[in-house]
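# What the coordinates show
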Amino acid sequence: MIIVLVKRIKESQRRSIFDLLIDGGVKYFESYLDGNQVIVVPEVSSVQELGGISKLSGVAEVIEVTDPYQLCSRVAKSTATVISARDFKIGGGYFGIIGGPCTVESERQTLLIAEAVRKSGATALRGGAFKPRTSPYAFQGLKKAGLKILAKARSETGLAIVTEAMGCDEVSLVAEYADVIQIGTRNAQNYRLLEKCGEMRTPILLKRGFSCTLDEFLMSAEYIMSGGNDRVILCERGIRTFETYQRYTFPAGSVPMLKTLTHLPLLVDPSHAAGRVEFVPALSYAAVAVGADGLLVEVHNDPKSALCDGRQSLTPKEFEIMIKKCKKIINIVK
Ligand code: PEP
Ligand code: MN
């Protein structure tokens, strides 16, 4: 159950609400939903169980939610959430386009790709400075120096910056440079990291864990939201199946399904799902057709020499052509 508090609530009104919760012996979490102060009472699903709560003067509304996730449920908020960072806007009819390299390699490479993706319609630049690599011997990212390059790309192009934080101790540093903090698939169930993201006021782009069910994915989003950060963008990036030809498998059906379960905006990352550049456009068109709110795409000026994920990176020209076609599909399905 979610208790929405009135705006500019008085201390005496707050007190009587908390007295009732404490007397009832229930667990509760203070957070935000759509910018409003709320109290989540997860183990209570009906107003009757907390007699009198809806009559208290500090309570604007009581929402009964029976889903295990509360704040990210469509029941909690029936309208689509729009999240913006600079000119990047996603959800509720806004299609958000994020393009850029897997990893920041140099200033020249990053600025070149940033300018190209901006010209094709992207409003955010992606690029990892901290890279989660399967091998400890692989390039791990330029770290702080990479964040500085991203900040330079932002000041030259106006693009919002999307970049990953891998550990709790990195989140604040990344937030100094990023407009959106990415949490990667391998960390989608790192609950201490998700709690840290809940303390931040920067939007969080949460990738689906490659073995997470939709419920588990939404529970991860709930960790962030219950911690007080209501600006969460979901990203379907493919799951692991028995198929090995594709790097992961893009489960197209998860897009309309998630959109009925949650009000949060949902991106699709076709690059990590396909793993091969020749299939990235087809997966992108499919994502747009099934109702994705945006795309996160890897783009590299010289994919063959990329330090990471070159095999799945589009050239700027390929990205431009693909985005033009995506826009046509958006107009058909909207
Ligand atoms: C990435 O976006 O470069 C990345 C590492 O993604 P994922 O966490 O989905 O593998
Ligand atoms: Mn990558």
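Starting afresh in each chain, residues are numbered from 1 along the sequence in its written order. Key to labels: chains lettered from A, ligands numbered from 1, both in the order written. Given that the model is predicted, a residue must reach a pLDDT of at least 70 before its local features are reported, and side-chain atom pairs must reach 80 or more before they are shown or counted; all residues, however, enter totals for whole chains, interfaces and linings. Here the side-chain values reflect all heavy atoms present in the structure, with hydrogen atoms and water set aside.

### Quick word on the domain arrangement of the protein chain
Spelled out, the test is: Domain delimitation follows an automatic or database domain assignment. Here, residues are in contact when the closest pair of their heavy atoms is within 4.5 Å. Put simply, buried area is how much 1.4 Å-probe accessible surface two parts lose in total, over both of them, once they are put together. When a carboxyl oxygen of Asp or Glu lies within 4 Å of a side-chain nitrogen of Lys or Arg, that pair is called a salt bridge. We call two N or O atoms a polar contact when they sit within 3.5 Å, provided that within protein one can donate a hydrogen and the other can accept it, with sequence-adjacent residues counted only if both atoms are side-chain atoms. Amino acids outside the nonpolar list (Ala, Val, Leu, Ile, Met, Phe, Trp, Tyr, Cys, Pro) and the charged list (Asp, Glu, Lys, Arg) are all regarded as polar, and Gly is one of them.
Structurally, the protein chain comprises domain 1 (2-63) and domain 2 (83-333). Distance between the C-alpha centres of domain 1 and domain 2: 35 Å. Contacts between domain 1 and domain 2 engage 6 residues on the former and 7 residues on the latter. For the pair domain 1 and domain 2, the summed buried area comes to about 450 Å², and 49% of that belongs to carbon and sulfur atoms. Among the residues domain 1 hides against domain 2, the three largest losses belong to Ser-31, Tyr-32 and Leu-33. Together they make up 68% of the total. The tally of links from domain 1 across to domain 2 stands at 0 salt bridges. On inspection of domain 1 and its partner domain 2, the count reaches 4 residue pairs in polar contact (both at pLDDT 80 or more). Residues that form the side of domain 1 that touches domain 2 fall into these classes: 2 nonpolar, 2 polar and 2 charged.

### Let's talk about the coordination of the manganese ion (ligand 2)
For a metal bound by four donors in a tetrahedral arrangement, the ideal donor-metal-donor angle is 109.5 degrees, while six donors in an octahedral arrangement ideally sit at 90 or 180 degrees. The line we're drawing: Only N, O and S atoms count as donors, using a 2.8 Å limit from the metal and a wider 3.2 Å limit for Na, K and Ca, and since water is excluded some coordination spheres may look unfilled. Each helix is a run of H or I in the DSSP string that is no shorter than four residues. Each strand is a run of E no shorter than two, and both are numbered from the N terminus. Each residue's exposure class comes from its accessible area (1.4 Å probe, protein chains only) as a fraction of the maximum for that residue type: buried when under 20%, exposed when over 50%, partly exposed otherwise.
Protein-derived coordination of the manganese ion (ligand 2) comes from Cys-102 (SG), His-272 (NE2), Glu-298 (OE) and Asp-309 (OD), at a distance range of 2.0 to 2.4 Å. All donor residues of the manganese ion (ligand 2) come from one chain, and their arrangement in sequence is C-x169-H-x25-E-x10-D. Here His-272 is found in helix H8 (residues 270-274), whereas its partner Asp-309 is found in the loop between strand S14 (294-298) and helix H10 (316-333), with 37 residues between them in sequence. A relative accessible area of 8% means that His-272 is categorised as buried. Its relative accessible area of 19% is what places Asp-309 among the buried residues.

### Structural notes on the site of ligand 1
So the rule is basically this: Note on terminology: near, applied to a residue and a molecule or strand, indicates that one of the residue's heavy atoms is within 4 Å of it. All accessibility values rest on the Shrake-Rupley procedure with a 1.4 Å probe; residue burial counts only the protein chains present in the view.
Contacts to ligand 1 come from Cys-102, Arg-126, Lys-131, Pro-132, Gln-182, Gly-184, Thr-185, Arg-186, Lys-207, Arg-237, His-272 and Glu-298. One nitrogen or oxygen atom from the side chain of Lys-131 is found 2.9 Å from an oxygen atom belonging to ligand 1. Within the backbone of Thr-185, a nitrogen or oxygen atom sits 2.8 Å from an oxygen atom of ligand 1. Relative to its unbound accessible surface of 300 Å², ligand 1 loses 98% to contact with the protein.

### Looking at the pattern of salt bridges
In total, this model carries 18 salt bridges according to the counting rule given. One salt bridge connects Glu-298 with Arg-126, and the closest N-O pair in it is separated by 3.4 Å. Here Arg-126 lies in strand S8 (residues 124-126) and Glu-298 lies in strand S14, a separation of 172 residues in the sequence. Among the ionic pairs, Arg-154 bridges to Asp-179, the shortest N-O distance being 2.9 Å. Here Arg-154 is found in helix H3 (residues 144-157), whereas its partner Asp-179 is found in the loop between helix H4 (168-177) and strand S10 (180-183), with 25 residues between them in sequence. For the residue pair Arg-154 and Asp-179, the accessibility class agrees, reading buried in each case. Linked through salt bridges whose partners overlap, the residues forming this network are Glu-11, Arg-14 and Glu-30.

### Remarks on the sheet that holds strand S2 (residues 29-33)
Keep this limit in mind: By the convention used here, strands pair only if DSSP detects at least 2 bridges between them. Axis lines are fitted through C-alpha atoms, for helices just across the contact stretch, and the angle between N-to-C directions can take any value from 0 to 180 degrees.
Taken together, the 4 strands give an open sheet; going across it, the order is S2-S3-S1-S4, and neighbouring strands pair in antiparallel fashion. Edge positions in the sheet fall to S2 and strand S4 (59-63), since each has one partner strand and no second. Between one strand and the next, the sheet's axes are offset by a mean angle of 30°, whatever the strand orientation. Examined bridge by bridge, S2 and strand S3 (residues 36-40) share 5 bridges and lie antiparallel to one another. Note that in S3 the partner of Glu-30 across the bridge is Ile-39. Taken strand by strand, helix H1 (residues 11-24) contacts strand S1 (2-5), S2, S3 and S4, and its axis lies near 15° from that of S3.

### Topic: the nonpolar core
Defined as follows: Grouping buried Ala, Val, Leu, Ile, Met, Phe, Trp, Tyr and Cys residues that are joined through side-chain atoms within 4.5 Å yields what is termed a nonpolar core.
Grouped together as the largest cluster of nonpolar side chains are 75 residues, with contacts concentrated most on Ile-181, Leu-206, Leu-234, Phe-319 and Met-322. In this view, Met-322 contacts Val-280, Pro-281, Ser-284, Tyr-285, Leu-295, Val-297 and Leu-314; residues no more than four positions away in its chain are not counted. In terms of nonpolar packing, the next biggest core, distinct from the first, is built from 16 residues, Met-1, Phe-18, Ile-39 and Leu-50 among them.

### Overview of the packing of aromatic side chains
Condition: Geometry of aromatic contacts follows a simple scheme: Phe, Tyr and Trp rings, the Trp one being its six-membered ring, pair when their centres are within 6.5 Å, and the pair is stacked under 30 degrees between planes, edge-to-face over 60, tilted otherwise. Only when the NZ atom of a Lys or the CZ atom of an Arg is both within 6 Å of the ring centre and within 35 degrees of the ring normal do we say a charge sits over the ring.
Under the defined criterion, the tally for this structure stands at 4 aromatic pairs. Geometrically, the ring pair formed by Phe-210 and Tyr-248 is tilted, given 5.5 Å between the ring centres and 35° between the ring planes. Pair noted here: Phe-210 is in the loop between strand S11 (204-207) and helix H6 (214-226) and Tyr-248 is in the loop between strand S12 (232-236) and helix H7 (254-261), with a separation of 38 residues, a long-range link. By relative accessible area, which is 5% here, Tyr-248 ends up buried. The aromatic ring of Tyr-248 is capped on one face by Arg-237, whose charged end is 4.0 Å from the ring centroid.

### Re the sheet that holds strand S9 (residues 160-164)
Read once around its circumference, the closed barrel built from 8 strands follows the order S7-S8-S9-S10-S11-S12-S13-S14, with strand pairing classed as parallel. Taken over all neighbouring pairs, the strand axes of this sheet differ in orientation by 25° on average, direction set aside. Sheet topology places S8 next to S9; 3 bridges connect them, and they run parallel. By the bridge assignment for S9, Arg-126 is matched with Val-162.

### Observations concerning the state of the cysteines
What makes a disulfide is a covalent bond joining the sulfur atoms belonging to two cysteines. The condition that has to hold: Disulfides are defined as cysteine sulfur pairs within 2.5 Å.
Under the counting rule described, the total for this entry stands at 0 disulfides. Free of any disulfide, Cys-72 has its nearest neighbouring cysteine sulfur in Cys-212, separated by 13 Å. Just so you know, Cys-326 is unpaired, no disulfide at all, and the nearest cysteine sulfur is the one on Cys-235, 14 Å from it.

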